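Spelled out from the first residue to the last, the chains are:
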Amino acid sequence: MKEKINQYLAEIEKFTANTAEELEQFRIRYSGKKGILNELFADFRLVAAEERREMGVLLNDLKGKVQQRIESLREGLAGEETAAASSHDLTLPVNFMDAGSQHPLMIVRNRIIDIFSRIGFTVAEGPEIEDDWHTFSALNFAPEHPARDMQDTFFISENPDVVLRTHTSSVQVRVMETTKPPIRMTFPGRVYRNEAISARAHCFFHQVEGLYVDKNVSFADLRQTLLYFAKEMFSPDTRIRLRPSYFPFTEPSAEMDISCNLCGGKGCGFCKYTGWVEILGCGMVHPNVLKNCGIDPGVYSGFAFGIGIERITNLVFNVKDLRMFSENDVRFLQQFESAWQQ
Ligand code: PHE
């Protein structure tokens, strides 16, 4: 019996189970009803009195070893199973990283900047939280002039000198105050106006401002620059039309229309059957503005324009509701990057 027990002990120590099934077979072999342990305990009754003590210890030891082995093998198998399920199942589908895409307004903004950079315009930016001087006063808005209401400004009650800029024209002032002509730059950015939100208006939107100041800059330069822009932005057969307008900081001032790029100028619902779509405001920099910024209007002249990025984006991508640009719906946002490649 002693010999048998030692044989079993050796077997138990060597035994490993690769599957739960193998382990169960092992358990039945030793601890099952008709298993080895029961068999040995049955034989134990026949053991001679003087050997009983020693045999009893050996038997109990064997029983303990069987129990330990089963438990440790069971733990090992359980650990492997979870590991396999969580990270080693090569048949599981891959979790793709969502790389995102450029916002349609940024795609168009970059395109506008790029078109002007090809004719020598560099880029500058200014703050969105501005003061009265850069937003209005330096731009020739008279102190109580109703033109200040024209842009539905967000003021704060504690300090009327602090405003959210209503246009990127404030950057014109910041640049002219610190840069000597020639100046040839674009200023992209977000602007704010207190407007009721609808499909066609929002309390914030985006502009790209353009400024060109040098000796002998004329209205013809303005017109030709904007014609170049319209053809590059839309199509080579795009026509432009300048209508007289008013801005305190330009004189003369104009509003620029392009021939409707949806109907080619024939007239459609989008252009309200006029064949023309308004896309920007522009004009010759007012001599008072040059003076306010320390530039001699007797020596220098310049032109400026302000393009609404949302307007252009609507035209290029045929987006009908402005609110979609700020709703963060990825189904909307991810359509544009590839559409632009056409
Ligand atoms: N700042 C004007 C606006 O927001 C646009 C503009 C810019 C007009 C530059 C003339 C020159 O409406």
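Residues numbered from 1 in each chain as written. Predicted model: local features only at pLDDT ≥ 70, side-chain atom pairs only at ≥ 80, totals over all residues. Heavy atoms only, no water.

1. Describing the sheet that holds strand 4 (residues 159-164)
The strand order across the open sheet formed by three strands is 2-4-3, and the pairing between neighbours is antiparallel. Sheet topology places strand 2 (129-131) and strand 3 (155-156) at the edges, where each strand pairs with a single neighbour. As paired elements, strand 2 and strand 4 share three bridges and run antiparallel to each other. The partner of Glu-130 across the bridge, within strand 4, is Val-163. (Pairing = 2+ DSSP bridges. Helix = DSSP H or I, 4+ residues; strand = E, 2+ residues; numbered from the N terminus.)

2. Quick notes on the site of the ligand
Near the ligand there are 15 residues, and of these His-167, Ser-169, Arg-193, Gln-207 and Glu-209 occur at the shortest range. One of the side-chain nitrogen or oxygen atoms of His-167 is found 3.0 Å away from a nitrogen atom of the ligand. Taking Ser-169, its side chain carries an N or O atom lying 2.9 Å from a nitrogen atom of the ligand. Against a free-state accessible area of 330 Å², the protein chains account for coverage of 92% of the ligand. Under a 2 Å grid-point criterion requiring more than half of the atoms, the pocket assigned to the ligand is the largest pocket. Secondary structure elements with two or more residues in the shell around the ligand: helix 8 (169-178), strand 6 (204-214), strand 9 (276-285) and strand 10 (301-308). Broken down by element, the residue count for the shell around the ligand peaks at three residues, all from strand 10. Class assignment of the residues belonging to the shell around the ligand gives a composition of five nonpolar, eight polar and two charged. (Near = heavy atom within 4 Å. Polar contact = N/O pair within 3.5 Å; in protein donor to acceptor, adjacent residues only side chain to side chain. Areas by Shrake-Rupley, 256 points an atom, 1.4 Å probe, with all protein chains shown as cover. 1 Å grid on protein atoms, 1.4 Å probe; cavity = no way out; pocket = protein on both sides within 12 Å on 5 of 7 lines; lining within 4 Å. Sits in = over half its atoms within 2 Å of the grid points. Nonpolar A, V, L, I, M, F, W, Y, C, P; charged D, E, K, R; others polar.)

3. Let's talk about helix 9 (residues 219-233)
Counting along an α-helix, one turn takes 3.6 residues, and residues three or four places apart therefore face a common direction. For helix 9, which comprises 15 residues, the first-to-last C-alpha distance of 21 Å matches the rise-based estimate of 21 Å (1.5 Å per residue) to within 8%. Within the span of helix 9, buried status applies to Leu-222, Thr-225, Leu-226, Leu-227, Phe-229, Ala-230 and Met-233. Packed against the buried residues of helix 9 are helix 5 (104-117), strand 7 (240-247), strand 8 (250-259), strand 9, strand 10 and helix 11 (309-317). Capping of helix 9 at its N-terminal end is provided by Ser-218; its side-chain oxygen lies 3.2 Å from the backbone amide nitrogen of Ala-220. (Expected span 1.5 Å × (residues − 1). Buried < 20%, exposed > 50% of the residue type's maximum accessible area, 1.4 Å probe, protein only. Contact = heavy atoms within 4.5 Å.)

4. Considerations on the nonpolar core
Ile-112, Ile-258 and Ile-279 are the most contacted members of the largest nonpolar core, which has 43 residues in total. Secondary structure elements with two or more residues in this core: helix 5, strand 6, helix 9, strand 8, strand 9, strand 10, helix 11 and helix 12 (330-333). Setting aside its immediate chain neighbours within four residues, Ile-279 contacts Phe-229, Phe-234, Met-256, Asp-257, Ile-258, Gly-306, Ile-307, Gly-308, Arg-311, Ile-312 and Leu-315. Counting residues in hydrophobic clusters, the runner-up holds 23 residues, among them Phe-141, Met-176, Phe-249 and Tyr-300. (Core = buried A, V, L, I, M, F, W, Y, C linked by side-chain atoms within 4.5 Å.)

5. Digging into the domain arrangement of the protein chain
Segmentation of the protein chain into domains returns domain 1 (2-86) and domain 2 (104-341). In this structure, domain 1 and domain 2 have C-alpha centres spaced 86 Å apart. (Domains from an automatic or database assignment.)

6. Observations concerning the sheet that holds strand 1 (residues 122-123)
A sheet is described by the order of its strands in space; here seven strands give the open sequence 1-5-6-10-9-8-7, paired in mixed fashion. The open sheet is flanked by strand 1 and strand 7, the only strands paired with a single partner. In this structure, strand 9 lies alongside strand 10, joined through five bridges in antiparallel fashion. Residue pairing for strand 10: Met-284 is matched across the bridge by Phe-303. Taken strand by strand, helix 9 contacts strand 7, strand 8, strand 9 and strand 10, and its axis lies near 145° from that of strand 9. (Axes fitted to C-alpha atoms, helices over the stretch in contact; angles between N-to-C directions.)

7. Concerning the pairing of strand 8
Counting buried residues in strand 8 gives eight out of ten residues, a clear majority hidden from the surface. Relative to strand 8, strand 7 runs antiparallel, the two sharing seven bridges. Looking at strand 8, one finds that Leu-242 is bridged to Met-256. Connecting strand 7 to the antiparallel partner strand 8 that follows it, the hairpin turn spans two residues.

8. Comments concerning the pairing of strand 5 (residues 183-192)
Where burial is concerned, most of strand 5 is hidden: eight out of the ten residues are buried. In this structure, strand 1 lies alongside strand 5, joined through two bridges in parallel fashion. When the sheet's bridge partners are listed, Thr-122 is paired in strand 5 with Met-185. As paired strands, strand 5 and strand 6 are joined by ten bridges and run antiparallel to one another. When the bridges of strand 6 are listed, Tyr-192 appears paired with Phe-204.

9. A word on the side chain of Glu-209
For Glu-209, the location among the structural elements is in strand 6. Excluding anything up to four places from it in sequence, Glu-209 contacts Thr-168, Ser-169, Gln-172, Met-185, Thr-186, Phe-187, Phe-305 and Gly-306.

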